[in-house]
Amino acid sequence: MFLSIQQKFILDALKKLNCARRQQLHTLVRGRFQQDGFEITQARMDAMLRQLRAGTADVRMDGELVWLSTAQPDARRLEAIDVMLELTGGKPQEFNASREPPRLLRFAYGDDLRPFTVASLDAAPAGLLERGRAERIIWIADSGEPPKGLTLPPKHFFAARQQDSSHRFYGSNGP
């Protein structure tokens, strides 16, 4: 099966993320290809996903979720993708799901490729995760709210889920 450049990008994104919502994939594809003057409408995105599902046995879809047959949708990872898309304006330069709990997702953006990690506070306390020198850690919790009395080390942030599914970010006070 011949794939468009955009479809190859979608497959690569799914391999890196394991699962995503249709809207998240749409945002990533638009962020990557919009500057080329190529309009990625929701209808075009849906057509590309249908073609991928029909043409490869690997792509699975159920409602808003898209994943590869080797993975299962994960609510924490889906929220981590939302955080990444919010912080990068839908244009991360690099991203990858992490297999090292409590890390869920690693991504980089900006001219200097600043590294970020989204981690689950429910999987480990904030003080137990070592970070790279330039890395920033963004914590999420299943409840969507910071635990009472949470103090964060320097360059650690908490992403509190809002009612509209966006996030409000709270940071540490240190250097």
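Residues numbered from 1 in each chain as written. Predicted model: local features only at pLDDT ≥ 70, side-chain atom pairs only at ≥ 80, totals over all residues. Heavy atoms only, no water.

S.K.: Could you clarify how one ought to interpret the sheet that holds strand E3 (residues 65-68) in this entry?
M.R.: The strands making up a sheet associate through hydrogen bonds between their backbones, and the pairing can be parallel or antiparallel. Read across the sheet, three strands follow the order E1-E3-E2 without closing on themselves; strand pairing throughout is antiparallel. The strands lining the two open edges of the sheet, one partner per strand, are strand E1 (19-21) and strand E2 (59-62). Ignoring strand direction, the axes of neighbouring strands in this sheet form an average angle of 20°. By the bridge criterion, three bridges tie E1 to E3 in an arrangement that is antiparallel. Note on E3: the bridge partner recorded for Cys-19 is Trp-67. On top of the sheet, helix H2 (residues 22-33) reaches E1, E2 and E3; it is set at about 90° to E1, its chief contact. Together, E1 and E3 form the strand contacts of helix H4 (residues 75-88), whose direction differs from that of E1 by roughly 60°. (Pairing = 2+ DSSP bridges. Helix = DSSP H or I, 4+ residues; strand = E, 2+ residues; numbered from the N terminus. Axes fitted to C-alpha atoms, helices over the stretch in contact; angles between N-to-C directions. Contact = heavy atoms within 4.5 Å.)

S.K.: Whenever I open this one, the sheet that holds strand E4 (residues 94-97) confuses me. Can you help?
M.R.: Strand order in the open sheet made by the six strands is E4-E5-E6-E7-E8-E9, with mixed pairing throughout. The sheet is open, and its two borders are formed by E4 and strand E9 (167-171), each paired with just one other strand. Within this sheet the neighbouring strands show an average axis-to-axis angle of 20°, counted without direction. Relative to E4, helix H1 (residues 5-17) is tilted by about 50°, and along the sheet it contacts E4 and strand E5 (103-109).

S.K.: Explain the packing of H1 against helix H3 (residues 42-55) here, please?
M.R.: The packing of two helices is summarised by the inter-axis angle and the distance between the axes. Axis separation between H1 and H3 bottoms out at 10 Å; the angle between their running directions is 70°. The orientation of H1 with respect to H3, classified from their angle, is roughly perpendicular. The handedness of the crossing between H1 and H3 is right-handed. Contact with H1, carried on its side by Gln-6, Gln-7, Ile-10 and Leu-11, involves Met-45, Met-48, Leu-49, Gln-51 and Leu-52 of H3 and no other residues of that element. Taken together, the residues of the contact of H1 with H3 break down into six nonpolar, three polar and no charged. (Parallel < 35°, antiparallel > 145°, perpendicular 65-115°, else oblique. Left-handed = near helix turned anticlockwise from the far one by under 90°. Nonpolar A, V, L, I, M, F, W, Y, C, P; charged D, E, K, R; others polar.)

S.K.: I'm lost on H2 in this one. Help?
M.R.: If you check H2, its first and last C-alpha atoms are 16 Å apart, about what 12 residues at 1.5 Å a residue would give, namely 16 Å. The buried count for H2 comes to nine of 12 residues, which makes it a mostly enclosed element. If you check which residues of H2 are buried, you get Arg-22, Gln-24, Leu-25, His-26, Thr-27, Leu-28, Val-29, Gly-31 and Phe-33. (Expected span 1.5 Å × (residues − 1). Buried < 20%, exposed > 50% of the residue type's maximum accessible area, 1.4 Å probe, protein only.)

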